[in-house]
Amino acid sequence: MPGDNPRYAGEAVSGGHDDSRQIAERGSMVSRPRLRRLRAALSASAFSGLTVSAHGAPAQQADVFGIPGLSVGTFEVIQFAVFTGVLGAALLSALWLIRERARTAAENASLRAKVSDLNASLSRTESLLNLRDQRVVVWTSDKSKPELVGALPSESGAPDERAAFLAFGRWLSPRSASVLENAIAALREKGTPFDRVIESQNGAPLEVRGRKTPGHAIVRFVSLSETQRAEARLRLENQRLSADWENLLSMADALAMPFWVRSADGRLKWVNRAYAQAVEAESSEAAVRDGKELLGTQAREAIARHHQSEQLLQQTVSTVVHGDRKLFTVTDFASPSGAAGLALDVSSMEAMREDYAQMMRNQADTLDQLTTAVAQFDADQKLRFYNNAFQKLWELDIAFLNSSPDNALLLDRLRGDGKIAEQPEWRRWKDNLLSVYRSVDSAEHWWHLPDSRTIRVIANPQPKGGVTWVFENLTEKFALESRYNTAIRVQSETLDSLTEGVAVFGPDGRMRLANPAFFRLWSLTPGSATNETHIAALRTACDDKAIDSPWHGFVAAVTGFDDERRDRQGQAELKNGTVLRYALIHLPNGQVMLTFIDVTDSVNVERALQDKNEALQKADQLKNDFVQRVSYELRSPLTNIIGFTELLDAGATGPLTERQKEYVRHIFSSSSVLLTLVNDILDLATVDAGIMRLEVGEVRITQVIASAAEMVSDRFSEHRIGLSVDVGGAPKSMVGDENRIRQVLANLLSNAANYAPEGSTVSLACREVANGMEFAVSDEGPGMPPEVLDIAFRRFETRANGGRRRGAGLGLSIVKSFVELHGGSVRIESGQEQGTTVVCFFPREPKQMQDAAE
């Protein structure tokens, strides 16, 4: 049974009588051991003769299994029941197994018959495929290498080797190989079947068919018979002609020019899309169906008449397209079977030709306005165009230029007139110059003319064979470059010699130049920064050297992050005690200049001066108080001395000797001078204190001049100096303080008398000018050199400069103060040995009096 011998229970069988016999033998082998064990058990029970019950009491004898006298207990009964169930199951299993083996044997017999049929069919198929007139290529769906079956005859040109056969381009014609590869790709990717006739390189035609199954792609190559070959060649030729015809029609349809084909009777047979668009048809078929003509009736009739004598026509025809009149160049070819035509729209070309002509005229007008000389020669080296600058540069006769002279003749003319320099080998030089007509590259020459001018000559060959000559006068440019280079060198030397540090940065923030003083002031090595150094790198190097670094603002200003481009100044103190005053200046070209001055000493002095400023202010106040007090205190004694001197001189106290009179006169003169000096000092102190007020009123000009002249008449007569007064251009009166104006004129006349030579004349002129009047006092003295003019109005600046006596140096200071109080101005016109003229300007109606300047 299967339970007793599990090694055989699940073993499969192939069917047949042998298999059934083996199963039966195995079943008998399974049951015999079991029967032996059962018989032994039964024998042992029979000899025992007695069994024990479950409670250990002797049981009564009973018939068990029909055996008299055999006593069986509960365990034996159970064992026997199990044995009986197992034996029944084994019998049922044996019956099912026998049935299944019979069915399997029947199926195996059927399968053997089918395999036999398939083998026969495979043999027939392989016999058919292995014929020498066909070859099959099979691709599976798993993208593996294709399988090849069969062979083609050698006259077909197909190689037998697998790799060589699959390389279609090696044994097929290029066109056939391309068509076949595209068809196979479409077959494998999209399942598109195909039937083609291809041609090998030796001209043999082959028929190729491609089909796709769910798991395979099959391509079959078939060699053709002679009749089939002839038919195949015709099919190939038809394919080529059809392909060429399709290509031509596709090309014609893609053209942007109208194209048409006519039948023998002249009707439209085919038109392209451009034709349909030109005649406003919905499609090419609609244009042919409706017979819409592009050209007018007269144009078509003229074409038909022309074809009666010639097949080809090329003519420019005018027609209307989309409501606009346009020109077309029509090319039409006619044959007995029909005609074909092509129309090229040349309207834009005609417009371009007109625009080109207009452009050439505009170019000529523009070139005439240029200062650069331009001349154009054609391919025959004839002058065709020249501008006014060309004629003026060489000063040639216009009639000669209008005669279209040859280029070589023009050069000979310039040489003969001495306009260009003589060359050692003139012919070779000229041939080398004119070789540009045989070149495609521009040429450049430099001519140094006999009149010291330098001309840059550029010869530019034109596409049509001519040459355009450009003559640029660079004489002034070279002079400017020379001056510029000199200025740059001077600037560089000047910057290098400055003690002021200078650095210039471009718009990109990179340094353009820097002098040695810049590196020295910031304790940088000269090689630590170059022209490519960015200001951010300098900021990194200089930030640690300053207590409150200004470089952040420098970077913002240079790199353009400031809201406004404003110049600025400031002061920075370095950690080594150096104080730098800087200025940031925006240059016009987008650059920024930084300047640094070492003001350490000045700052130290300034700090010392600030400490003493208060003391100086107090000292100045004491000075003013002293001057005012002393001036008032000196006036009374001087007045008394002058009064007593006049009494003594008049003899009121008794007669005086001549020597005594002389002494009295000297006392009187010195006292008067001292009184005048005290008055002047008092007036200046009053002006400085801002307490002087003018008594403005109407001033008679002739009277004030006469009064001032009388005040200095003694000095004029003492040195025989004449006075010339010119008031012809002056009004009768003016507005001002009469006493101060008289004092001004008296000081000017006194100053002139001091420097005028003996026997000379001093001129005083008064004239009316715009917005006021001018008083001018001139002398014929030695004049005032420039260094004296700079300090002429300073107080207490005494200078002889050819004068007879040295004064206190207050005359011109008082003049300037009083004139400026009137709102006027003073200027001195003088030169060495040219005399001196002092001009005082008074406004016509001073509305607001100003404080006098120091």
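Residues numbered from 1 in each chain as written. Predicted model: local features only at pLDDT ≥ 70, side-chain atom pairs only at ≥ 80, totals over all residues. Heavy atoms only, no water.

S.K.: Help me get a handle on the confidence of the model for the protein, residues and values and all.
M.R.: Confidence in the prediction for the protein averages 79 pLDDT; 84% of positions are at 70 or higher. Across residues 848-854, confidence stays below pLDDT 50; counting only partners more than four residues off in sequence or on other chains, it has 16 contacts. (pLDDT = per-residue confidence, 0-100. Contact = heavy atoms within 4.5 Å.)

S.K.: Describe the pairing of strand β11 (residues 373-377), with residues and values.
M.R.: Counting buried positions along β11 gives five out of five residues, so the element sits mostly inside the fold. The alternating pattern of β11 places Ala373, Ala375 and Phe377 and Val374 and Gln376 on opposite faces, both of which are buried. As judged from the three bridges shared by β11 and strand β12 (residues 383-386), these two strands associate in the antiparallel manner. Looking at the pairing, Phe377 lines up with Leu383 of β12. Linking β11 back to β12 in an antiparallel pair, the connection comprises five residues, with Gln381 at a positive phi of about 65 degrees. (Buried < 20%, exposed > 50% of the residue type's maximum accessible area, 1.4 Å probe, protein only. Helix = DSSP H or I, 4+ residues; strand = E, 2+ residues; numbered from the N terminus. Pairing = 2+ DSSP bridges.)

S.K.: So what's going on with the sheet that holds strand β3 (residues 194-199)? Which residues, and what values?
M.R.: Each strand in a sheet pairs with its neighbour through backbone hydrogen bonds, running either in the same direction (parallel) or in the opposite one (antiparallel). Strand order in the open sheet made by the five strands is β2-β1-β5-β4-β3, with antiparallel pairing throughout. Two strands lie at the open edges of the sheet, namely β2 (147-151) and β3, each paired on one side alone. Across this sheet, the average inter-strand angle for adjacent strands is 15 degrees, counted without regard to direction. Of the pairings in the sheet, the one linking strand β1 (residues 134-140) to β2 comprises five bridges and is antiparallel in character. Directly across from Val138, in β2, lies its bridge partner Glu147. Lying on the sheet, helix α6 (residues 174-190) is in contact with β1, β3, β4 (205-212) and β5 (216-223); it crosses β3 at an angle near 160 degrees. (Axes fitted to C-alpha atoms, helices over the stretch in contact; angles between N-to-C directions.)

S.K.: I'd like a rundown of the pattern of salt bridges, residues and numbers included.
M.R.: One pass over the full model with this rule turns up 27 salt bridges. Of the charged contacts, one joins Arg428 and Glu425 as a salt bridge, the two residues approaching to 3.1 Å between their closest N and O atoms. On the basis of relative accessible area, Arg428 is assigned to the exposed category, the value being 60%. Residue Glu425 is classed as partly exposed on the basis of its relative accessible area, which comes to 44%. (Salt bridge = Lys/Arg side-chain N within 4 Å of Asp/Glu carboxyl O.)

S.K.: Could you give me a rundown of the packing of helix α18 (residues 535-542) against helix α19 (residues 551-558), with the residues and numbers involved?
M.R.: The contact between α18 and α19 brings their axes to 10 Å, and the two run at 175 degrees. Put simply, α18 runs roughly antiparallel to α19. Residues Ile535, Leu538, Arg539 and Cys542 of α18 touch α19, and the partners they reach there are Trp551, His552, Phe554, Val555 and Val558. Residues of the contact of α18 with α19, tallied by class, amount to seven nonpolar, one polar and one charged. (Parallel < 35°, antiparallel > 145°, perpendicular 65-115°, else oblique. Nonpolar A, V, L, I, M, F, W, Y, C, P; charged D, E, K, R; others polar.)

S.K.: Any chance you could break down the nonpolar core for me, citing the residues and the numbers?
M.R.: If you look at soluble globular proteins, the nonpolar side chains tend to sit buried side by side. Grouped together as the largest cluster of nonpolar side chains are 44 residues, with contacts concentrated most on Leu749, Phe775 and Cys840. Of all the secondary-structure elements, those providing two or more residues to this core are α21 (658-689), α22 (701-711), α24 (738-755), β24 (761-769), β25 (772-779), α26 (811-821), β26 (825-830) and β27 (836-843). Sequence-distant contacts of Phe775, defined by excluding residues within four places in its chain, comprise Ile701, Ile705, Met734, Leu745, Ala765, Cys766, Val838, Val839, Cys840 and Phe842. Judged by nonpolar contacts, the second largest core, of 31 residues, contains Leu396, Trp426, Trp429 and Leu434. (Core = buried A, V, L, I, M, F, W, Y, C linked by side-chain atoms within 4.5 Å.)

S.K.: Please set out the packing of α24 against α26 residue by residue, giving values where relevant.
M.R.: In the contact formed by α24 and α26, the axes pass within 9 Å of each other and the chain directions differ by 150 degrees. Accordingly, the angle class assigned to the pair α24 and α26 is roughly antiparallel. Where α24 crosses over α26, the handedness of that crossing is left-handed. Where α24 approaches α26, its residues Arg740, Gln743, Val744, Asn747 and Leu748 are matched on the opposing element by Gly811, Leu812, Ile814, Val815, Phe818 and Val819. Residues that form the contact of α24 with α26 fall into these classes: seven nonpolar, three polar and one charged. (Left-handed = near helix turned anticlockwise from the far one by under 90°.)

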